[in-house]
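Residue strings, one per chain:
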Amino acid sequence: MTARVPSDALGRRVLCGTEYATVRYVGSVPPTAGIWLGVEWDDPQRGKHDGTYEGTQYFKCRHPRGGSFIRPNKANFGVDFLTAVKDRYGLNDQGVQHGTENTLVFGKKTVEFVGMDSVAEQQSQLNRLVDISVHECAVSHAGQKEEISRTCPNIRHINLSKNLISSWETVTAIASQVQNLETLNLSENKMKFPSTSTSVSSVFSKLRILALNQTQITWTEVLLCAPGWPALEELYLTSNNITVLERPDNVLQTLKLLDLSDNQLLDGNQLHLIAHLPRLEQLILRNTGISSIHFPDAGFGCKTKMFPSLKRLAINDNKISQWSTINELDKLSSLQSLQCHNNPFMDTEKNPETLRQLIIAKISQLEVLNKSEILPAERKGAELDYRKIFGNDWLAAGGNCNPEKNKPSEEFLAAHPRYPSLCLKYGAPEEGELKGRQPLTLKNQLLTLTIKCPEKPEQKPVEKKLPESMTIQRVKGLLYRLLKIPGSELKLSYESSKLEGKEVELDNDLKPLQFYSIENGDCVLVRW
């Protein structure tokens, strides 16, 4: 029995058992009889050759052993969208098809799709479905014209990931029948995109979220399609071998989130080409191979005009080795959240707490670092520590408490661009507080502190020597033994001669004394 080969088989996506492939050749392969399909497998381990057989090249493959020939009856060319929906939701008189997926992932965001394993009774009718998932259901074409809009008029969200869609035209044919489409996931469909400008239609006029992960799309193709996405807010483009960016002129202007993770960008300067998207609030650049980020339009301590709305940035798993990139991020006027795990610059400091404090001190507006909130006391402690740690370098570079003599070198300002603003905020460091650090012996780690109860004058001040590594919780335990007041009722703060008239709250029980930059001679104030 000879299977019928579709007239448009060349270039189509097929499924052979559980393996995906693209048809690269249709025809005879002498000396054998009959029609063969030459396919390039997604998994090259499944193949046997590069499209050459007995010295004749029938097709080409990216991988030298990524191709093979199969008979047409072994290839599944897929089903239309509506057939897949009916099968998926048990509306083909064959019962519900039970799947394993019940969520949809866009980048790192998970969206739950109703009715992926079981459909609630009131949703069993196709015309009432709003969220549809046909993930891995071998969808390859739209089906009869207008059939989707007649049968499923209320669809808003579609998961079409890992199917057999071969071209953007197929996507358009399906979407044109979904009037209110807001969310579309096309990930893991290796398809052909337009290579020239297409006429703008209203097919995707309401589309807000689009996932094109692992589709082999290029940035040029994104920009060619983008005029048709006038309301797009989130675009996921991970794992597409995008290496070069271009400036998006008059497109993607509504975009709030862009995920370019797992694309090996040529260098960080590529980011300048997308730096003027006016509404972009979140940029995800995990594992993009970038080694530095630089905003050349702004000098030390100034804000860049690039990425004016960017609030959240993820640069995990990259090759950033210099602290200068962290300095540059302070130029972003709206940055609030940063993820930067697994970069070489983080290996320069062994203590993770110190590392965190350095990043906090260098980026003034940061509110969340590596998914952990930065509390006001933590910021203050980090900035005071930074001011002190690099104080001697500042003096050596020409810094001075006298404003008229204060002329730190360009090299110092390049390495510590926030230092002048920290001096304005807390005052310039004095030479007395910048004496060389003593060896970390137990004696040197002990702080001599005066403990006072300002609201209980009858309680005499007490002097105690406490390790700087002692947590606030343990300090409260000590005070309980002294004052017989439960730690849960105690409120602690401290005052220092260097911060005249100011009190710093000791508000995190898990933090050590050194976290708050408490020094010898300071006074701990106890209230209850």
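Just above sits the structure.
Residues numbered from 1 in each chain as written. Predicted model: local features only at pLDDT ≥ 70, side-chain atom pairs only at ≥ 80, totals over all residues. Heavy atoms only, no water.

Here we look at the packing of aromatic side chains
Enumeration according to the criterion identifies 15 aromatic pairs in this entry. Taken together, the aromatic side chains of Tyr25, Tyr53, Tyr58, Phe59 and Phe69 make up a single cluster linked through ring pairs. Lying across the ring of Trp41, Arg46 places its NZ or CZ 4.2 Å from the centre. The side chain of Arg71 reaches across the aromatic face of Trp36, ending 3.7 Å from its centre. (Phe/Tyr/Trp six-rings, centres within 6.5 Å; stacked < 30°, edge-to-face > 60°. Lys NZ or Arg CZ within 6 Å of the ring centre and 35° of its normal.)

Here's the deal with empty space enclosed by the protein
Going through the model one piece at a time under the given rule, you end up with one cavity of 30 Å³ or more. Computed from the structure, the largest cavity encloses a volume of approximately 40 Å³. Together, Leu271, Leu283, Leu285, Ile293, Phe295, Phe307, Leu310, Leu313 and Leu332 line the largest cavity. Grouping the constituent residues of the lining of the largest cavity by class yields nine nonpolar, no polar and no charged. (1 Å grid on protein atoms, 1.4 Å probe; cavity = no way out; pocket = protein on both sides within 12 Å on 5 of 7 lines; lining within 4 Å. Points joined across faces, edges and corners; volume = space filled by probe spheres on them. Nonpolar A, V, L, I, M, F, W, Y, C, P; charged D, E, K, R; others polar.)

A word on the pattern of salt bridges
Under the defined criterion, the tally for this structure stands at 19 salt bridges. The residue Arg208 makes a salt bridge to Glu182 at a minimum N-O spacing of 3.5 Å. You can see Arg208 sitting in the loop between strand S13 (183-185) and strand S14 (209-211) and its partner Glu182 sitting in the loop between helix H3 (168-175) and S13, a full 26 residues away along the chain. Among the salt bridges present, the one from Glu383 reaches Arg418, with a minimum N-O distance of 3.0 Å. With a gap of 35 residues between them, Glu383 in helix H7 (residues 376-389) and Arg418 in the loop between helix H9 (410-415) and helix H10 (419-426) connect regions that are remote in the sequence. Given a relative accessible area of 8%, Arg418 falls into the buried group. Taken together, the shared-partner salt bridges connect Arg156, Glu182, Arg208 and Glu233 into one network. (Salt bridge = Lys/Arg side-chain N within 4 Å of Asp/Glu carboxyl O. Helix = DSSP H or I, 4+ residues; strand = E, 2+ residues; numbered from the N terminus. Buried < 20%, exposed > 50% of the residue type's maximum accessible area, 1.4 Å probe, protein only.)

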